[in-house]
Amino acid sequence: MTGRRATGAVDSRCPSCAALVLTQWVGTVAALKVTANLQPLTPAEQHAVREPNRLIWCLYRASAHSPPRLRWITASHPPGCRHPHVTEHRCTTEPHTLF
Ligand SMILES: [Zn+2]
Ligand SMILES: [Zn+2]
């Protein structure tokens, strides 16, 4: 941990549609690279966008000054979780370059 303020270090923009997204490796074993929207979803929205191939992530923050971290929503996840829940970013436009 450093005392340096990480302004703009976590947030990034999608190169295709310029939406604010967070890209992160999630998990310690068989980590998954996730690009998630930073827009929090209501429970109804989460239900509407949930698909087998589209996961909902918990945007966990240890404190108001900590950078957000995506974490799995497991069966033991608290139903009254106070962290925003977000979903994978999906572009409305096709990216021109794939990495
Ligand atoms: Zn949560
Ligand atoms: Zn995009």
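On a predicted model such as this, the values are computed, not experimentally measured, just so you know. (Residues numbered from 1 in each chain as written. Chains lettered and ligands numbered in written order. Predicted model: local features only at pLDDT ≥ 70, side-chain atom pairs only at ≥ 80, totals over all residues.)

Draft legend 1. Representation of the overall build of the protein chain in the model. In terms of regular secondary structure, the protein chain is built from one helix and six strands. Order of helices (α) and strands (β) in the protein chain, N terminus to C terminus: β-β-β-α-β-β-β. (Helix = DSSP H or I, 4+ residues; strand = E, 2+ residues; numbered from the N terminus.)

Draft legend 2. How the structure looks around the pairing of strand β4 (residues 56-60). Judged by which residues are buried, β4 turns out to be one-sided: Trp57 and Leu59 face inward and are buried, whereas Ile56, Cys58 and Tyr60, on the alternate face, are not. In this structure, β4 lies alongside strand β6 (residues 85-87), joined through three bridges in antiparallel fashion. Each residue of the ladder has a partner; that of Cys58, found in β6, is His85. Pairing between β4 and strand β5 (residues 69-71): three bridges, direction antiparallel. From the neighbouring strand, Cys58 faces β5, where its bridge partner is Arg71. (Buried ≥ 20, exposed ≤ 12 C-beta atoms within 10 Å, placed from the backbone. Pairing = 2+ DSSP bridges.)

Draft legend 3. Inspection of the pairing of strand β2 (residues 20-26) at higher detail. Strand direction decides the pairing type here: strand β1 (residues 12-13) and β2, joined by two bridges, are antiparallel. The residue of β2 that forms the bridge with Arg13 is Leu20. What sits between β1 and β2 in their antiparallel hairpin is a turn of six residues, with Ala18 showing a positive phi close to 65°. Note that β2 and strand β3 (residues 32-37) share six bridges and pair antiparallel. Opposite Trp25, over in β3, you have Lys33 as the bridge partner. Between β2 and β3, which pair antiparallel in sequence order, lie five residues; one of them, Gly27, sits at a positive phi of approximately 100°.

Draft legend 4. Representation of the sheet that holds β4. Pairing is antiparallel across the open sheet formed by three strands, whose spatial order is β5-β4-β6. Both edges of this open sheet fall to β5 and β6, since each of them pairs with a single strand only. Across the sheet, the axes of successive neighbouring strands diverge by a mean angle of 45°, strand direction being ignored. (Axes fitted to C-alpha atoms, helices over the stretch in contact; angles between N-to-C directions.)

Draft legend 5. Examining the sheet that holds β1 more closely. Pairing in this open sheet of three strands is antiparallel, and the strands run β1-β2-β3 from one edge to the other. The open sheet has two edge strands, β1 and β3, and neither has a second partner.

Draft legend 6. The arrangement of the nonpolar core in detail. By size, the foremost hydrophobic cluster in this structure holds eight residues: Val21, Leu22, Val34, Ala36, Trp57, Leu59, Leu70 and Val86. Residues contacting Trp57, with those up to four places away along its chain left out, are Val34, Ala36, Leu70, Arg71, Ile73, His85 and Val86. (Core = buried A, V, L, I, M, F, W, Y, C linked by C-beta atoms within 7 Å. Contact = placed C-beta atoms within 7 Å.)

Draft legend 7. Expanded view of the environment of Leu20. Note on placement: Leu20 falls in strand β2. By C-beta crowding, Leu20 is classed as partly exposed, having 13 other C-beta atoms within 10 Å.

By themselves, these figures tell us nothing about what the structure is for.
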